[in-house]
Structure formats: structure tokens, C-alpha cells
There are 2 protein chains.
Amino acid sequence: MQGKFSSNEEERFQVRKLEILDKSKGFIELLQQLTVCDSVSDKEFQQRFQELSSYGDDHLICVIEDDRSGKIVATGSVFIEKKFIRNCGKVGHIEDVVVDSCVRGMQLGKKIIGFLADHAHSIGCYKVILDCSVENRAFYEKCGFKPKEVQMVKYFT
Amino acid sequence: MQGKFSSNEEERFQVRKLEILDKSKGFIELLQQLTVCDSVSDKEFQQRFQELSSYGDDHLICVIEDDRSGKIVATGSVFIEKKFIRNCGKVGHIEDVVVDSCVRGMQLGKKIIGFLADHAHSIGCYKVILDCSVENRAFYEKCGFKPKEVQMVKYFT
């Protein structure tokens, strides 16, 4: 099978689940490239990590660690919503996808999205959804997504 | 305080949490006005109900029961996503809002949305989001929401 990665790049950038030690590998700094994310204390990180782990397969955060630098260079999450509609169906919600600006253009975002969508599919979701800016729409279309609705937001702060 | 409801209507249409007996009050039939929702067996309903109840305040389904007919005439849900961004912030996701076509125009949708948004706010979410069709955008703007992003979807079925 021909991929878009050389085998070196495949080895260098593998997707895996978030681990508790990833905080020391730049995970929070990576999220800061996405949005407001002040420094999180080790204790806060561990608490949230444990909380999310308790959901098992219903909440997954994946990362790509650059095998050369040991830094986390990409991440994304998916959580599973359980519904009554669609015969008690399940929907995967993809959130907080970011690729380090230093390694953009290497299709790491596509790897992350593929990993998260495969996870949602494998545990029986009938669809996976996400919200993105108009600028990122073309990227997600390349990942097999189609635009559907309008995201509406109400801030409390 | 002057509301848009007469006190009779306030009493007739009160918002409360979904209860296990609501299946026999037309809850599933109401969801069928929203989207595909084949008949759900009592066992399936109970299982999903228990599963969702186990999330406590992190997953809430509310309903309005018409005090006159004893039927469920409106519903909506919100679940709480826990993040690392925004200082380990939380976001409320509103889903599956529907008002019985027989009682539309009585602001029941607005009551449902208010109830769900208040819940998200009360447990510390920094924002609440939802996805809607272009046609429903004006309704959600009246509820205090603003359009932000594009919802993208990938179906597995």
C-alpha cells in the first residue's frame, strides 16, 4: 500500500492515546496554539486526566509525539454522546484538534481525525461531528466530512 | 414580574427532568418529530435511561409535560464536556430539542433552552453550544445565542 508518508515519517509520528506523562512533553503548550489555555498545575492535570479516563472508551484524547524531539505535536479528542433517537444511537463529537505550527503540512491533522473517527465508528456511532471555522472547512472536507448545520454559541463569561 | 405566559400556562407547562415513566407519556413519539427514532423497547429505554442517569449532572434531559393532557410536549438535552483548555474548562452541548407541533408558538422551546443553558451555567461551563439548521438560527438568536462556526459531519451508515 502506498501512503503519503515515507516509512521514516510513519515511525516518527505515531498516533496514540494521551498519557499522564504527556504534560511534561508540551501537551498544554500545544493546546495554547489553539485557544486560551493558561498553565495547568500538575494536580489539576492529573485530576482532569483521571476524570476523563473514568469515561473509558466514551472519551478519548489522542496525541502524536514526535519521535525525534519527544514533544507532543498534535492532538484531538472525541467523546461519545448517547441518545434516544436513532434507536438509542451514539454520536462522536470531535473537539480540540491542533497541530504544532512547526510540523504543519505533514498531514498530521488528517491522521488525528482519522484516528478519532475510526474510534467513534468502532464503538458503534452512526456519525461523527465537529465544529470548525470557515477557513478550516476545506481541510475537513478532505477528511471526508460535509458541512451541515450552523454552530450557535452562548458565552457565560 | 410580567411574563409572556399567563399563570395558567406557567402551571400547565413546567420544565422538569426526564423521568423513567415518560416513555409512556409520548416521549419517544415526540422525538420522532425531530428525526429518525424507531420504536424503542421498554428494556432499551430503561437501559439508556440508567446509563445517562449515571452521569449525574453531566447529562441532563429535560421535558415539558402538558398538565392537561399528561403528554410530553417538549424536550431537550445538555451534556457537559470536560476539557483541558480554558483552565480545565467545561462546555455544555445542547442536543435534541423538539417541541410538539401541536403546541408550537407558545415559547416552550425558549423555556427548554433556558433551562438547559441555566443548568450548564450553574455547574460552571464557560459556554454552551448547539448546532441548528439555517432556518432555526433566528430562534436561537432570540434565546441569546450567536452563530459561530460550521458544523461538519461524517456518517458511518
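Before reading further, recall that the structure is shown in the block above.
Thresholds applied
- Residues numbered from 1 in each chain as written.
- Chains lettered and ligands numbered in written order.
- Predicted model: local features only at pLDDT ≥ 70, side-chain atom pairs only at ≥ 80, totals over all residues.
- Heavy atoms only, no water.
- Helix = DSSP H or I, 4+ residues; strand = E, 2+ residues; numbered from the N terminus.
- Rg over C-alpha atoms; globule rule 2.2 N^0.38 Å.
- Buried < 20%, exposed > 50% of the residue type's maximum accessible area, 1.4 Å probe, protein only.
- Contact = heavy atoms within 4.5 Å.
- Areas by Shrake-Rupley, 256 points an atom, 1.4 Å probe, with all protein chains shown as cover.
- Lys, Arg positive; Asp, Glu negative; His and termini not counted.
- Charge placed at Lys NZ, Arg CZ, Asp CG, Glu CD.
- Expected span 1.5 Å × (residues − 1).
- Arc of directions from axis to C-beta.
- 1 Å grid on protein atoms, 1.4 Å probe; cavity = no way out; pocket = protein on both sides within 12 Å on 5 of 7 lines; lining within 4 Å.
- Points joined across faces, edges and corners; volume = space filled by probe spheres on them.

Chemist: Teacher, can you tell me more about the overall build of chain A here?
Modeler: Scanning chain A from terminus to terminus reveals six helices and six strands. Along chain A, from the amino end to the carboxyl end, the secondary structure elements read α-β-α-α-β-β-α-β-α-β-α-β. The C-alpha radius of gyration of chain A comes to 16 Å, within 12% of the 15 Å expected for a compact globule of 157 residues. Its C-alpha atoms give chain A principal-axis dimensions of about 45 × 45 × 30 Å. Split into buried and exposed, the 157 residues of chain A put 52% on the buried side. Taking the contacts inside chain A whose residues are at least 6 apart along the sequence as the reference set, 61% of them involve residues at least 24 apart. Accessible area for chain A stands at about 7900 Å²; split by element, carbon and sulfur atoms hold 46% of it. Here chain A contributes 23 positively and 24 negatively charged side chains, and the mean placements of these two sets differ by 5 Å.

Chemist: Is there a simple way to think about unusual backbone geometry in this case?
Modeler: Trans peptide bonds make up most of the peptide bonds, and negative phi angles are found at most residues other than glycine. Look at A:C88: it is not a glycine, yet its phi comes out positive at around 55°. Of note, A:C88 is situated in helix α4 (residues 85-88). We note that B:Q107 has phi near 65°; this positive angle belongs to a residue other than glycine.

Chemist: Would you mind showing me how to read the environment of A:D67 here?
Modeler: All names here are of chain A. Note that D67 resides in the loop between β2 (59-66) and β3 (72-82). As for D67 and Q14, which are separated by 53 residues in sequence, their C-alpha atoms are 8.2 Å apart. Apart from the residues lying within four places of it in its own chain, the contact partners of D67 are E11 and R12.

Chemist: Could you clarify how one ought to interpret helix α3 (residues 42-53) of chain A in this entry?
Modeler: The periodicity of an α-helix, 3.6 residues per turn, causes residues three or four positions apart to be oriented the same way. A rise of 1.5 Å per residue sets the reference length of α3(A), with its twelve residues, at 16 Å; its end C-alpha atoms lie 16 Å apart and thus fit the reference within 8%. Of all the residues in α3(A), the buried ones are A:F45, A:R48, A:F49 and A:L52. One side of α3(A) holds all its buried residues, which, seen down the axis, span an arc of 105°. Looking at the buried side of α3(A), the elements it contacts are α2 (27-31) and β2 of chain A together with β3 (72-82), α4 (85-88) and β4 (90-99) of chain B.

Chemist: Can you help me understand empty space enclosed by the protein in this one?
Modeler: In this approach a probe as big as a water molecule rolls over the atoms, and the regions it shows empty are the leftover space. Within the structure shown, the criterion is met by four cavities of 30 Å³ or more. Reported here for the largest cavity is a volume of approximately 230 Å³. A:Y55, A:F79, A:I80, B:F79 and B:I80 are, among the 16 residues lining the largest cavity, the residues nearest its centre. Of all the secondary-structure elements, those providing two or more residues to the lining of the largest cavity are β3 of chain A together with β3 of chain B.

By themselves, these figures tell us nothing about what the structure is for.
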